[in-house]
Amino acid sequence: MGASRRLLVTLGSLSRDNSPCPARKEVTLPTLPVPDLESTLQKYLAQVEAVAPNHLPKTRSLVKAFLSGPGPKLQQRLVERRQKMTNWVSGYSISSIS
């Protein structure tokens, strides 16, 4: 048996034994933070400026309307969702948004 085959057999037997293995332990990761709304929108505007600068004035207007309209309420809903769920990002899809 070649060295690489022996290594695979050894690794396979290690993964099947009952010894404590870090890969088998349940690791609790911190929940994902909800990004700050204003900084997220500033990053969005920076991307629009880089990709489509001719759309920047209209996009700035839409961002301003979003911040003074539904933005804060939607942001609060995301913060509340984070408190209730392990992964607040999961469960969204394009079909559920449109």
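Scoring rules and cut-offs
Residues numbered from 1 in each chain as written. Predicted model: local features only at pLDDT ≥ 70, side-chain atom pairs only at ≥ 80, totals over all residues. Heavy atoms only, no water. Core = buried A, V, L, I, M, F, W, Y, C linked by side-chain atoms within 4.5 Å. Buried < 20%, exposed > 50% of the residue type's maximum accessible area, 1.4 Å probe, protein only. Helix = DSSP H or I, 4+ residues; strand = E, 2+ residues; numbered from the N terminus. pLDDT = per-residue confidence, 0-100. Contact = heavy atoms within 4.5 Å. Expected span 1.5 Å × (residues − 1). Arc of directions from axis to C-beta. Axes fitted to C-alpha atoms, helices over the stretch in contact; angles between N-to-C directions. Parallel < 35°, antiparallel > 145°, perpendicular 65-115°, else oblique. Left-handed = near helix turned anticlockwise from the far one by under 90°. Nonpolar A, V, L, I, M, F, W, Y, C, P; charged D, E, K, R; others polar.

### A few points about the nonpolar core
- Formed by Leu37, Leu41, Leu45, Val48, Leu56 and Val63, the largest nonpolar core amounts to 6 residues.
- Elements with a minimum of two residues in this core: α2 (37-51) and α3 (56-68).
- Element by element, the count of residues in this core is highest for α2, at 4 residues.

### Regarding the environment of His55
- Looking at where His55 falls in the secondary structure, it is placed in the loop between α2 and α3.
- Looking at His55, the relative accessible area reads 46%, which means it is partly exposed.
- Separated by 10 residues in the primary sequence, His55 and Leu45 have C-alpha atoms spaced 9.8 Å apart.

### Looking at the confidence of the model for the protein chain
- In this model, the protein chain carries a mean pLDDT of 82, and residues with pLDDT of at least 70 account for 70%.
- The element-level mean pLDDT for the protein chain is lowest in helix α5 (residues 94-97), coming to 60, with α3 highest at 98.

### So, the side chain of Gln75
- Counting through the fold element by element, Gln75 comes out in helix α4 (residues 71-84).
- In this view, Gln75 contacts Val34, Pro35, Asp36 and Leu37; residues no more than four positions away in its chain are not counted.

### Some thoughts on α3
- The first and last C-alpha atoms of α3 sit 18 Å apart over 13 residues, in line with the 18 Å expected at 1.5 Å per residue.
- For α3, the full list of buried residues reads Leu56, Thr59 and Val63. The buried residues of α3 all sit within an arc of 60° when viewed along its axis, so they share a single face. Within α3, the exposed residues directed more than 90 degrees away from the buried face are Pro57, Lys58, Lys64 and Ser68.
- Turning to α3, the residues buried within the fold contact α2.

### Here's the deal with the packing of α2 against α3
- Here α2 crosses α3 at 170°, and the two axes come no closer than 10 Å. On the basis of the axis angle, α2 is roughly antiparallel to α3. In terms of crossing hand, the pair formed by α2 and α3 is right-handed. Listed contacts from α3 to Leu37, Glu38, Leu41, Tyr44, Leu45, Val48 and Glu49 of α2 are Leu56, Thr59, Arg60, Val63, Phe66 and Leu67.
- In the contact of α2 with α3, the residues fall into 9 nonpolar, 1 polar and 3 charged.

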